[in-house]
Number of protein chains: 2
Amino acid sequence: MGRQMTEMLKGVLEGIVLAILSGQPAYGYEITARLRARGFTDIVEGTVYAVLVRIEQKGLVDVTKVPSEKGPPRKVYTLNDRGRTDLDEFWRTWGFLEERLEQLKQGDN
Amino acid sequence: MGRQMTEMLKGVLEGIVLAILSGQPAYGYEITARLRARGFTDIVEGTVYAVLVRIEQKGLVDVTKVPSEKGPPRKVYTLNDRGRTDLDEFWRTWGFLEERLEQLKQGDN
DNA sequence: ACCAGTAGATAGTAACACTGAATAGCGGAC
DNA sequence: GTCCGCTATTCAGTGTTACTATCTACTGGT
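In this text the structure is predicted, and so the values were computed from the model without any measurement.

A. Structural context of the relation of the copies chain A and chain B. Rotating chain A by 180 degrees about the axis while translating it 0.0 Å along that axis superimposes it on chain B, leaving an RMSD of 0.0 Å. Here the transformation between the copies is reduced to the relation of a two-fold axis. Nearest to the rotation axis, the C-alpha of Lys10 of chain A is located 3.1 Å from it, this being the minimum over chain A. Here 100% of the contact residues of chain A are again contact residues in chain B; the copies associate through an equivalent surface.

B. Representation of the interface of chain A and chain B within the structure. Tallying the contact residues gives 37 residues for chain A and 37 residues for chain B. Taken together, the two surfaces of chain A and chain B that pack against each other cover about 3800 Å², and 63% of this comes from carbon and sulfur. Our count for the contact surface shared by chain A and chain B stands at four salt bridges. The partner of Arg3 of chain B in a salt bridge is Glu14 of chain A, and the shortest N-O contact between them spans 2.9 Å. Connecting chain A to chain B are five residue pairs in polar contact (both at pLDDT 80 or more). Secondary-structure elements contributing two or more residues to the side of chain A that touches chain B are α1 (3-9), α2 (13-23) and α5 (81-105) of chain A.

C. Examining the pattern of salt bridges more closely. Enumeration according to the criterion identifies 23 salt bridges over all chains in this entry. Two residues, Asp86 of chain B and Arg3 of chain A, come together in a salt bridge whose shortest N-O distance is 3.9 Å. In this pair, Asp86 of chain B sits in helix α5 (residues 81-105) while Arg3 of chain A sits in helix α1, so the two residues belong to two different chains. Here Arg34 of chain B makes a salt bridge to Glu30 of chain B, at a shortest N to O gap of 3.3 Å. Linking Arg34 of chain B with Glu30 of chain B, this pair stays in helix α3 (residues 28-37), spanning four residues, or about one helical turn. Accessibility expressed as a relative area gives 23% for Glu30 of chain B, which makes it partly exposed.

D. Seen up close, the protein's contact with DNA strand D. Residues in close proximity to DNA strand D total 32 residues, the closest being Lys10, Tyr49 and Arg74 of chain A together with Met1 and Arg54 of chain B. For DNA strand D, the fraction of protein-proximal atoms (within 4 Å) that sit in sugar or phosphate groups is 72%. Interatomic distance of 3.2 Å between a backbone N/O atom of Leu9 of chain B and a phosphate oxygen of DNA strand D. Here Arg54 of chain B contributes a side-chain N or O atom positioned 2.6 Å from a phosphate oxygen of DNA strand D.

E. A look at the protein's contact with DNA strand C. Taken together, 30 residues lie near DNA strand C, and Met1, Thr47 and Arg54 of chain A together with Arg74 and Lys75 of chain B sit nearest. Within 4 Å of the protein, atoms of DNA strand C come from sugar and phosphate in 78% of cases. Taking Leu9 of chain A, its main chain carries an N or O atom lying 3.2 Å from a phosphate oxygen of DNA strand C. Only α1, α2 and α4 (45-57) of chain A together with α1 (3-9), α3, α4 (45-57) and β3 (74-79) of chain B provide two or more residues apiece to the surface near DNA strand C.

F. Layout of the packing of aromatic side chains. For the structure shown, the criterion picks out five aromatic pairs over all chains. A ring pair is formed by Phe40 of chain A and Phe96 of chain B, whose centres lie 5.7 Å apart and whose planes are at 85 degrees; its orientation type is edge-to-face. Of the two residues, Phe40 of chain A sits in the loop between α3 (28-37) and α4 while Phe96 of chain B sits in helix α5, which places them in two different chains. Using a relative accessible area of 23% as the deciding quantity, one classes Phe96 of chain B as partly exposed.

G. Structural context of α5 of chain A. Residue and element names in this part refer to chain A. Here α5 contains 25 residues, and its C-alpha end-to-end distance of 36 Å stays within 8% of the 36 Å for a straight helix at 1.5 Å per residue. Capping of α5 at its N-terminal end is provided by Asn80; its side-chain oxygen lies 3.1 Å from the backbone amide nitrogen of Arg82. Directly beyond the C-terminal end of α5, a positive phi value near 90 degrees is found at Gly107.

H. α2 of chain A, seen in detail. Within α2 of chain A, nine of the 11 residues are buried, which leaves it mostly tucked inside the rest of the structure. Those residues of α2 of chain A not exposed but buried are Leu13, Glu14, Gly15, Ile16, Val17, Leu18, Ala19, Ile20 and Leu21 of chain A.

I. Structural view of the packing of α2 of chain A against α5 of chain A. Residues and elements named next belong to chain A. As a packed pair, α2 and α5 sit with axes 10 Å apart at the nearest point and diverge in direction by 125 degrees. Accordingly, the angle class assigned to the pair α2 and α5 is oblique. The chirality of how α2 crosses α5 is left-handed. Side by side, α2 and α5 meet where Glu14, Gly15, Ile16, Leu18, Ala19 and Ser22 of the first sit next to Gly83, Asp86, Leu87, Phe90 and Trp91 of the second. Taken together, the residues of the contact of α2 with α5 break down into six nonpolar, three polar and two charged.

Calculation criteria
Residues numbered from 1 in each chain as written. Chains lettered and ligands numbered in written order. Predicted model: local features only at pLDDT ≥ 70, side-chain atom pairs only at ≥ 80, totals over all residues. Heavy atoms only, no water. Least-squares fit on C-alpha atoms with pLDDT ≥ 70 in both. Contact = heavy atoms within 4.5 Å. Buried area = accessible area lost by both parts, 1.4 Å probe. Salt bridge = Lys/Arg side-chain N within 4 Å of Asp/Glu carboxyl O. Polar contact = N/O pair within 3.5 Å; in protein donor to acceptor, adjacent residues only side chain to side chain. Helix = DSSP H or I, 4+ residues; strand = E, 2+ residues; numbered from the N terminus. Buried < 20%, exposed > 50% of the residue type's maximum accessible area, 1.4 Å probe, protein only. Near = heavy atom within 4 Å. Phe/Tyr/Trp six-rings, centres within 6.5 Å; stacked < 30°, edge-to-face > 60°. Expected span 1.5 Å × (residues − 1). Axes fitted to C-alpha atoms, helices over the stretch in contact; angles between N-to-C directions. Parallel < 35°, antiparallel > 145°, perpendicular 65-115°, else oblique. Left-handed = near helix turned anticlockwise from the far one by under 90°. Nonpolar A, V, L, I, M, F, W, Y, C, P; charged D, E, K, R; others polar.

Next up, the structure:
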């Protein structure tokens, strides 16, 4: 992955995962697949699981273990109220940045 | 500063500084002031100087020392060719992220 | 003599994404 | 019946980054 993308994902990837979970509950492997389908082709499992551990510890998601027909049991993550609050805050922060960068891009500096 | 903003700035702040320099050369203290004027009210000098040291070491800027009427000599940073290339790449990476997040925000997840 | 404003530097910290590898369960091919 | 591939999770170690807090240094005004 490009160095710039890696750095830019910091603080954003967590929001992306929360946003994905806001649509419907999902488990790690599935989330990785969705990210890939969305164009984030270079994000590997290890990275996603680290995010999931973090948002669980922060109490932004509820977790249930669901047996899989194929492979070890899945840990299904569901966004809870605190997670939704955090996601809202994420979008506000993102919106702020987006605005400022749009101005900069227009060249009024 | 909010935790989310701090993390989100990683990888972005450097691009912001390069973008500011693309308009015209500037020195650290001045750049901090411009950032503040742009709404980044919580970014302090120490943070900006760290970025400047980094982009200088990467060879993205040329540096000249200019005496100041008031206070110690200024280090004026000028974006060079490598810096411009890096800035282009930054905007591409940013554009990619912006697109994906816009989709996510629209709720198609 | 002191202080505020200007200007830069730096050591230490915390957070984060990445790398690479390991573990574990199941199905099918051979 | 053993090996391979796919599913699924975990974890230790690394590098990069922004922040905190503090320090130095120069000038002008009170």
